[in-house]
Amino acid sequence: MGGQACDHLVVSPGLWGKASAAALVVGTTACCQLPVLPPPAAAWSGLLLGIVLWLARRRGRWLGMLLVGFSWAGLHGQWALQAQLPPQDPPVDQVLRGRVIDLPEHRPSYSRFLLRIDDDPALPGALRGQRVQVYWSAPFTRGAPTHAVPGAMTQGQRHTVAAGSRWQLPLRLRAPRSRINPGGFDGERHALMLGIAASGQVRDGAAAVLLEGPSGLAAWRERMSQRIQQAVPGDTSRFLRALALGDTRELSDADWEQLRALGLTHLIAISGFHVGLVAGGFALLAGLLWRCVAVLPRCLPRPTAAAVAAAAGAVGYALVAGLALPTVRTALMIVVVALARASRRRMPWAQSLALAAFATLLVAPLSVLAAGFWLSFGGVLWLMWCLPGGQRAEAGLAGLLKPFFAAQGIASLALLPLGISLFGQASRIGPLVNLLAVPWWSLVVVPLALSGTALEALHQGLGAWCWRLAGVAFDVSWRWLQPLAAWSGAVWWLPEAPRWTLPLALLGVFWWLLPRGRGGLLAAPLLCLPLLWPDRQLPTPGEVELLVLDVGQGTAVVVRTASRLLLYDLGPPGAGTDSGERVVLPALRALGAGVPDRVLLSHGDADHAGGLPGLRRAFPQVPVWAPAGSGVDGAQPCHRGQQWRWDGVEFEILHPGRDSAQRGNASSCVLRIATARGAILLTGDIGVAEEAALLRSSRRALKADAVLVGHHGSAGSSSAPWVQAVGARLALVSAGHRNRFGHPRADVVQRWAASGAEVLGTASSGALHVWLGAKGLQVREQRVHAGRWWNAAGRERAAAILSVDKQAAAGPEGWKRVGTGQGRRLADGAAAAAGCTGFGDRPGAFLVPAPQRGAATGPGPGCAQLGRARQAGSGPPGDPARQFPAGRVAGGGAGRAQSSARPDP
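It should be emphasised that the depicted structure is a prediction, and the values quoted were computed from it without experimental measurement.

A. Structural view of the overall build of the protein chain. Along its length, the protein chain carries 32 helices and 25 strands. Taking all 905 residues of the protein chain together, the buried fraction comes to 51%. Within the protein chain, residue pairs in contact and separated by at least 24 positions form 71% of the contacts whose partners lie at least 6 positions apart. Taken as a whole, the protein chain presents about 39800 Å² of accessible surface, with 61% of it coming from carbon and sulfur.

Take a look at the structure:
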């Protein structure tokens, strides 16, 4: 009786209740959304105050946990940034020793893996014990046969890098940095979540030394992956390796596209359901063993043994799967429930989910930056809230199918806003496909794959038959799924929506799923409309919008009018995916743009035309223009004299001539885009000779408000007469961060700045969004518009500002001209003069007034309007244009216009 009574006790939540867990999540998330982290002193004070409030108050202790979450995330953010190499430091060459701690990815042109540096006193202190993302590129052959390439043997050597092995590598190290574009991947956030301190490029493959062979859990995972490949040859093996071990290295981009179209990406990698299957299997085996061996129940009760076995299985499988967040969350929940069960106490699932959230965020508060955190916790929370509990199940088949269909419907609907907000897309056929694929994969394919792995762990070769059966079961389903994935309308891509639309859509879904009679059947979907159909901010007739994408050392520009779309250059090629597929297509989807009306390639060099294959795969019929002799297949020649008009905007090609024999950079198509409010000039890679020819033939047509600086700011372009003739107020530079060519050159930046232009570069600003219309010339930097505290360029800029502030004298002789390199938006003089010191603002800056033409109201936050009046003179002493490295800071030139700008909301 006593045992039964104890079994019905409910664990009192106390300090660890559901309200406190929700407050912890909210506080952590709020801190991670900030543009700047709170100072360490403020974070420590907030943490101590929060703990006191949490412990002292019976009611309202959630307020203390809210403060704890906010402060704890801020401290972890500070520690994570301190562990990284400073972004303002130049790359350093260092010979390091460490162990490969993940499954290395080998491709024909490169290898990539995660290296944990040894904790050796002989190594640099800042890197000891840190993680470094290593890239090992194949030798550059220039068409020579492999045997004739010096160092070609190192290509085979890089392929010998295995999980768990120790290496000594000569690396060029730099701080984590990524390209920032609308709809693009944030590599800096990814590095922060993985605890990566630096990225390293192997400088001399021949000097790499293998110190120790593979060992440990990572090596075991790689051996198992290889055995699956041997047991199940063919295309199926890569899917089985993903299902059994979370090894997705061999899944191609085409595979992921098919999975996205089918809505099955949540199944192909290790998910929480897989952990639950393993835990259930261990509990079942323990129960059978305790029933068969009479002496075991005398030592330990059978329910307790089953609970302990389930917890052990969940933790072990989470380790095998690489500690992905969904597996960790499920394992934590199972461990909590198992401990309660082992102590003969009952715990509601909601309380176990709350304790799992505590365990996850108190150990790793930055987990809220991962999409898996929201999808895993959110999915379980929705199911617990919506599905009926404590009711007797219906008898027969209906009792099994009804809860399953209800769970699938709830998951598809409730997680739709999260999926759209996180990934910008949804599968139209996903709910239907999941009804068939989820039970088959989860109850047949996955158990067979996991059983094979378990048997293989016991004895080599014992799990092969299970893996083969799993492969047959997978093939049966994949044959009829692939034709569905080929449907062009399977994926619903949605434009990027403002952040406030997600909470509104979640509220709408919550309202819709309320019990019958309380839900808003018609009103609730209206709350989802801002997320599903956001304003695309299209230009009005007669206006033009320009988006210079951050593609590294290359060029890719999107030009939009009210109803038409032009792409000017497509960026460089890449390993696996080119810029067209990796950067241009996501940007078009984020903008809500459709099929391009035309692609104009300035010339055929790889850094301008390398993204064409990826774009053609998505839009096979798009017309392409390129200079004659550029080598672009199927391209129509572009030449001087070609003109067209879209939505009241004039387009004209100024160069090359119709019968020009020029090739390469000299043949670049120069495009002029003119509106009633001004003009924009896109110049490709023309040099000084081509500029001189255009000055002789088309001087009047060269006048422009904004210009794409020729040849990425090379010293062989942007001559003084050209700069004077163009007279641009905004000069845009598309170049890679610290590229090996030194673009843009210091004298080129100074030349444009001296002419009165504001100089902005994709290396420091990310994608550059320019509008030319009724409100004048406006610009927005993507790194500022979507700025977060882990932004490498922002921290680099802040460090440079601090360095200059320390050197500058106070008072009139220490005046500092304010520009985009120092402020949060272009020509942010008014905000700085008023004492606003938000993200990137420079404290103590003084405004040098200029004639104004009225306040601007830009098309979005972070926008600024350039005044038409220019101010003569070189400005006050201490102008930072002479103190910041050229090309690293935008603007600051003499005579630059200052104007008011719309403040960020």
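B. The state of the cysteines, seen in detail. Scanning the model with the defined rule gives 1 disulfide in all. Distance from the sulfur of Cys32, which forms no disulfide, to the nearest cysteine sulfur (Cys31) is 5.6 Å.

C. Just the environment of Pro495, in detail. Topologically, Pro495 is positioned in the loop between strand E9 (491-493) and helix H21 (501-512). Here Pro495 falls in the buried class, since its relative accessible area comes to 17%.

D. View of the side chain of Ser667. Position of Ser667 among the secondary structure elements: in the loop between strand E17 (649-655) and strand E18 (670-675). Apart from the residues within four sequence positions on either side, Ser667 is in contact with Ser602, His603, Pro627, His655, Pro656 and Gln662.

E. Examining unusual backbone geometry more closely. Of the consecutive residues His655 and Pro656, the connecting peptide bond is found in the cis state with omega at 5°. Turning to its location among the elements, Pro656 is positioned in the loop between E17 and E18. Phi is positive for Gln537, which is not a glycine, with a value near 55°. With respect to the helices and strands, Gln537 occurs in the loop between helix H22 (523-532) and strand E10 (544-548). If you check the backbone angles, Asp569 has positive phi at about 70° while not being a glycine. With respect to the helices and strands, the residue Asp569 is situated in strand E12 (residues 565-570).

F. Structural view of the pairing of strand E3 (residues 110-117). The buried fraction of E3 is high, at 6 of 8 residues. In the sheet, strand E1 (residues 92-100) pairs with E3 via 3 bridges, with the strands oriented antiparallel. Along E3, the bridge assignment pairs Arg99 with Arg116. Across 2 bridges, strand E2 (residues 105-106) lies against E3 in antiparallel orientation. Bridging across to E3, Glu105 finds its partner in Arg112. With 7 bridges joining them, E3 and strand E4 (residues 131-137) adopt antiparallel strand pairing.

G. Inspection of the pattern of salt bridges at higher detail. Summed over the entire model, instances satisfying the criterion amount to 22 salt bridges. With its nearest N and O atoms 3.1 Å apart, the salt bridge here joins Glu105 to Arg107. Residue classification places Glu105 among the buried positions, given a relative accessible area of 14%. The network of salt bridges with shared partners includes Arg99, Asp118, Arg166 and Glu212.

H. Seen up close, the environment of Gln642. The topology assignment puts Gln642 in the loop between strand E15 (636-637) and strand E16 (643-646). For the pair formed by Gln642 and Leu671, sequence separation is 29 residues and the distance between their alpha carbons is 9.8 Å. The contact partners of Gln642, leaving out residues within four places of it in the chain, are Trp625, Gln636, Pro637, Phe651, Glu652 and Ile653.

I. Structural detail: the packing of aromatic side chains. Following the criterion strictly, the structure yields 17 aromatic pairs and no others. Cluster of aromatic residues (ring-pair linked, three or more members): Phe239, Trp441, Phe474 and Trp478. The cationic tip of Arg598 hangs over the ring face of Trp625; the distance from NZ or CZ to the ring centre is 4.1 Å. The residue whose ring lies beneath Arg598 is Trp644, and the NZ or CZ to ring-centre distance is 4.5 Å.

J. Region of the structure containing the sheet that holds E16. On the basis of which strands lie adjacent, the open sheet formed by 7 strands has the order E16-E17-E18-E19-E20-E21-E22 and mixed pairing. Sheet topology places E16 and strand E22 (758-761) at the edges, where each strand pairs with a single neighbour. Neighbour to neighbour, the strand axes of the sheet diverge by 20° on average, direction disregarded. As judged from the 4 bridges shared by E16 and E17, these two strands associate in the antiparallel manner. Paired with Trp646 across the bridge in E17 is Val649.

K. Highlighting helix H6 (residues 187-194). Three or more residues of H6 are buried, namely Gly187, Glu188, Ala191 and Leu192. For H6, the angular spread of buried residues about the axis comes to 145°, placing them on one side. N-cap assignment for H6: the residue whose side-chain oxygen lies 3.2 Å from the backbone N of Glu188 is Asp186. In the stretch just after H6, Gly195 is the one whose phi turns positive, near 70°.

L. Examining the side chain of Ser714 more closely. Position of Ser714 relative to the elements: it lies in the loop between strand E20 (706-708) and helix H27 (720-726). Overall, Ser714 belongs to the buried group, its relative accessible area being 10%. Setting aside anything within four residues of it in sequence, one finds Ser714 in contact with His743, Arg745 and Val748.

M. Inspection of a nonpolar patch on the surface at higher detail. Together, Leu217, Val315 and Leu319 make up an exposed nonpolar region whose accessible area comes to about 220 Å². Of note, Val315 is situated in helix H13 (residues 302-320). A relative accessible area of 38% means that Val315 is categorised as partly exposed.

N. Spotlight on the packing of helix H8 (residues 236-245) against helix H20 (residues 464-485). Relative to each other, H8 and H20 sit at 110°, their axes nearing to 10 Å. Accordingly, the angle class assigned to the pair H8 and H20 is roughly perpendicular. For the pair H8 and H20, the contacting residues are Thr236, Phe239, Leu240 and Leu243 in the first and Trp467, Ala470, Gly471, Phe474, Asp475 and Trp478 in the second.

O. Up close: the confidence of the model for the protein chain. In the predicted model, the protein chain carries a mean pLDDT of 79, and 79% of its residues have values of at least 70. In the predicted structure, residues 141-155 sits below a pLDDT of 50 and forms 14 contacts with residues beyond four places in sequence or in another chain. Below pLDDT 50 for its whole length, residues 805-862 participates in 151 contacts with residues either more than four positions away or in separate chains.

P. Structural context of the packing of H8 against helix H19 (residues 430-458). Taken N-terminus to C-terminus, the directions of H8 and H19 make an angle of 80°; their axes are 9 Å apart at the nearest point. Between H8 and H19, the crossing angle belongs to the class labelled roughly perpendicular. Along the contact surface, H8 presents Leu240, Leu243, Ala244 and Leu245, while H19 presents Val445, Val446, Ala449, Leu450 and Thr453. Here the contact of H8 with H19 is composed, by residue class, of 8 nonpolar, 1 polar and no charged.

Q. Expanded view of the environment of Leu85. With respect to the helices, strands and loops of the structure, Leu85 is situated in the loop between helix H4 (61-83) and E1. The spacing of Leu85 and Ile196 is 111 residues in sequence and 9.6 Å in space, taken between C-alpha atoms. In contact with Leu85, not counting residues within four places along its chain, are Leu127, Leu173, Arg174, Ala175, Ala197 and Ala198.

Procedures and definitions
Residues numbered from 1 in each chain as written. Predicted model: local features only at pLDDT ≥ 70, side-chain atom pairs only at ≥ 80, totals over all residues. Heavy atoms only, no water. Helix = DSSP H or I, 4+ residues; strand = E, 2+ residues; numbered from the N terminus. Buried < 20%, exposed > 50% of the residue type's maximum accessible area, 1.4 Å probe, protein only. Contact = heavy atoms within 4.5 Å. Areas by Shrake-Rupley, 256 points an atom, 1.4 Å probe, with all protein chains shown as cover. Disulfide = S-S within 2.5 Å. Pairing = 2+ DSSP bridges. Salt bridge = Lys/Arg side-chain N within 4 Å of Asp/Glu carboxyl O. Phe/Tyr/Trp six-rings, centres within 6.5 Å; stacked < 30°, edge-to-face > 60°. Lys NZ or Arg CZ within 6 Å of the ring centre and 35° of its normal. Axes fitted to C-alpha atoms, helices over the stretch in contact; angles between N-to-C directions. Arc of directions from axis to C-beta. Polar contact = N/O pair within 3.5 Å; in protein donor to acceptor, adjacent residues only side chain to side chain. Patch = residues over 30% accessible without salt bridge, like charges linked within 9 Å, V, L, I, M, F, W, Y side chains within 5 Å. Parallel < 35°, antiparallel > 145°, perpendicular 65-115°, else oblique. pLDDT = per-residue confidence, 0-100. Nonpolar A, V, L, I, M, F, W, Y, C, P; charged D, E, K, R; others polar.

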